[in-house]
Amino acid sequence: MAINWFKYSSPSSFYPLAGKMIPVFMTLAIVLIMGGLYWGFFETPDVLSDQKQYYRIIYVHVASAWMAMWLYVVMVAWAVLGLIFNTRMSYMMASATAITGAIMTALSLWTGAFWGQTSWGTWWDWDPRMTSQLILLFLYIGYIALQSAIEDNRRSDRASAVLAMVGLAIVPVIYYSINCPDPNECASLHQESSLKRVESNILIAMLVVTAGFWMYCFAVILMRVRNIILQRESHTQWVERLEVKK
Amino acid sequence: MFDSFLALLKRDLLLALRRRSDIFTVLFFFIIVVSIFPLGISFEKAVLQKIAPGVVWVAALLASTLALERIFANDYADGTLEQMLLTPQPLSVLVFAKTLAHWLLTGLPLVLIAPLAGLQYHLSASTIGTLMLVLLIGTPILSMIGAIGAALTLGLRGGGILVSLLVLPLYIPVLVYGSGAIEAAMQGDVSLQPYYLLLLAFLLLALVFTPLATAASLRISVE
Amino acid sequence: MTLSVNQLQCSRGDICLFEGLTFELSAGQLIWLEGKNGSGKTTLLRSLCGLFLPDAGTIKWKGELTRSSEDTFYKDLFYLGHQNALKLDLNPVENLQVLSRLAGESVSEEQADEALSRFGLSGYEETPVRKLSQGQQRRVALSRLLLSKASLLILDEPFVALDAAAVELLQSVIVTQVEQGGMAILTTHQALPIPEEKLIRVSLDRYV
């Protein structure tokens, strides 16, 4: 059965669909996050290598850091779709995603600072991962700032889409330069992933919480996009009918 | 096509010559920022040498973003930009001519004045040579990336501040390797070639891709 | 050689300016575009040029979509909007030369002088445009008409700021161009001395 995807590219048909999807994603988010956190708190060892109970912030920290990066890619994907097909819905999704992405980035920096304070004794360290995350936050802020500075919706959508694409193109170079500021000593650029050393129970809990974060982000993005639709389409007949029904 | 490129380049240089003050504001901004750091930090020779690479590059970054707003603003205000969009020439070629003119007027003077900053910070002659070379490779990249930001923020209120917000994060790779090379030159025993090669690679990538992105942004903004 | 517009729809912000706009312009014809203030005349002219992206509809030049054959279209197009596209620090001759270079044509100093003098600007060739009056600046911009080889003129309120003599001159320039097989689209409140059969009136108020 072929689904006509373009049918949902119109705000008036996407709005009710999003309304139906939000409770589903929200329920999934609550179940997964609660389940993951339960597993993470009660079914896992009390220490991770040399870290004591406080390592458990990892469940929120890693999940939000991952979301921060993925959501940037999701945002650019929507923006590119918008530029290619000229669909307003894609741009609205992109701008809704940007705000959630920025919040996730801020959350990961915030939880990271707490974790750093307890385990390393410092709130902030210019370690490559933290620095990259900070730059990512700046990129989100740039996107949001450009979008809100342009009053005309069409121009702001398309201009910020171009900015997001340029950002995504330069991100690898920025990450490379942060990870390897001295090109003479970059034989081992590839940082060893610390995931392999982690106990499987912790890993499972972390992945479940991350899945929950995905669901939460979907739900919040859809809620936000519904608001954007209402704002932009407030002059149309279908929005007026919506008000009459209530 | 090449005729139009040259005509536009010549026009922009001619216009700048008739309003010379614009060139000097950027240049003096750079000099002042560089001179103000020692006042705030320390006059000690060792400290100054330590901070010199970063300070010079950050000053160059700020000076470059300061000048960005002017690349397209005048052409946008008087309608010339519209005419540029309506020529049979590829817009990216015209954009490149404008960016090149902009660099010649705001980037190149920084390269030439850099030895002065080097003297203020007690850098050796060979380090000053490296400083000039990396600025020569790096500042065109700044102009080209910045042109995208300038095109996106065309005609917006507070565009000048906004453009810094957009492009400064994108300048990071140039900052890292530009100042890294100067630091390496001061140590003396490290090979500088990787720095030059990386910066040149960035320059080539910027040459290929940024005019297209800038042209696309201009079309969006002029509408 | 025709410009054909089919089912064009444009909007500004959230407001639809016009929809279903369809017309055709052939060699030797002139379109007089009418409409109330804010009816989208300027937007229409800009979208014909490709400066504004319409919501729907097609614009074809010589049978090809203008969006996909920009090179050939822009060779034939002359557009003058509200702004004169002049650099205030350059003199009229320099301005004309740079603008024709950008359009891919080359204009000698004599040709530029001649065009300027037809628009009553002899003696001002070396004066920076900054020092000219509004009307004189508009005339400099319009003298590009005499230098251009374009066959399609798109003019937005070309008569604004001109005195009676200049209006008459511009009218005759446009009419000559059209009678020699060119085409023109313009918005104006000025009547044009052109035979009825060559004149097409398009009123945007009917397409809201």
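Whatever comes next refers back to the structure up there.
Residues numbered from 1 in each chain as written. Chains lettered and ligands numbered in written order. Predicted model: local features only at pLDDT ≥ 70, side-chain atom pairs only at ≥ 80, totals over all residues. Heavy atoms only, no water.

Here we look at the interface of chain A and chain B
Inference 1: On the chain B side, the residues contacting the 29 residues of chain A number 27 residues.
Inference 2: Buried surface at the junction of chain A and chain B, both sides included, amounts to about 2,400 Å², of which 73% is carbon and sulfur.
Inference 3: Of all residues in chain A, A:Arg155, A:Pro183 and A:Asn184 give up the largest surface area on contact with chain B, accounting jointly for 24% of the area buried on that side.
Inference 4: Our count for the contact surface shared by chain A and chain B stands at three salt bridges.
Inference 5: Among the ionic pairs, A:Arg158 bridges to B:Glu223, the shortest N-O distance being 3.2 Å.
Inference 6: Taken together, the links from chain A to chain B amount to eight residue pairs in polar contact (both at pLDDT 80 or more). (Contact = heavy atoms within 4.5 Å. Buried area = accessible area lost by both parts, 1.4 Å probe. Salt bridge = Lys/Arg side-chain N within 4 Å of Asp/Glu carboxyl O. Polar contact = N/O pair within 3.5 Å; in protein donor to acceptor, adjacent residues only side chain to side chain.)

Remarks on the interface of chain C and chain B
Inference 1: Each partner contributes residues to the interface: chain C has 30 residues there, and chain B has 28 residues.
Inference 2: Approximately 2,500 Å² of surface area, both sides summed, lies buried where chain C meets chain B, with 55% of it carried by carbon and sulfur atoms.
Inference 3: Taken as a group, C:Leu51, C:Lys87 and C:Leu102 account for 27% of the area that chain C buries against chain B, more than any other trio of residues on that side.
Inference 4: Counting across the interface, chain C meets chain B through seven salt bridges.
Inference 5: Put simply, chain C and chain B have 14 residue pairs in polar contact (both at pLDDT 80 or more) between them.

Structural notes on helix 1 (residues 41–49) of chain C
The α-helix winds at 3.6 residues per turn, so residues separated by three or four positions along the chain end up facing the same way.
Residue and element names in this part refer to chain C.
Inference 1: With eight of nine residues buried, helix 1 lies mostly within the body of the structure.
Inference 2: Listed as buried for helix 1 are Lys 41, Thr 43, Leu 44, Leu 45, Arg 46, Ser 47, Leu 48 and Cys 49.
Inference 3: Phi turns positive, to about 90°, at Gly 50, one or two residues after helix 1. (Buried < 20%, exposed > 50% of the residue type's maximum accessible area, 1.4 Å probe, protein only. Helix = DSSP H or I, 4+ residues; strand = E, 2+ residues; numbered from the N terminus.)

Details of the environment of B:Leu198
Inference 1: Within the secondary structure, B:Leu198 sits in helix 10 (residues 193–222).
Inference 2: Of the residues examined, B:Leu198 reaches a relative accessible area of 17% and is grouped as buried.
Inference 3: In this structure, the C-alpha to C-alpha distance between B:Leu198 and B:Leu162, residues 36 residues apart in sequence, is 29 Å.
Inference 4: Not counting residues within four places of it along the chain, the set of residues in contact with B:Leu198 comprises A:Tyr176, A:Pro183 and B:Tyr177.

Details of the pattern of salt bridges
Inference 1: In this structure the tally under the stated criterion is 22 salt bridges over all chains.
Inference 2: Between C:Asp55 and A:Arg154 there is a salt bridge; the shortest N-O distance is 3.3 Å. Of this pair, C:Asp55 sits in the loop between helix 1 and strand 4 (56–61) while A:Arg154 sits in helix 5 (residues 153–179), which puts the two residues in different chains.
Inference 3: Taking the relative accessible area as the measure of exposure, C:Asp55 reaches 37% and is therefore partly exposed.
Inference 4: The partner of C:Arg46 in a salt bridge is B:Glu82, with the nearest N and O atoms 2.3 Å apart. Of this pair, C:Arg46 sits in helix 1 while B:Glu82 sits in helix 5 (residues 80–85), on two different chains.
Inference 5: One continuous salt-bridge network, built from bridges that share partners, spans B:Arg11, B:Asp12, B:Asp75, B:Asp78, B:Lys98 and C:Lys87.

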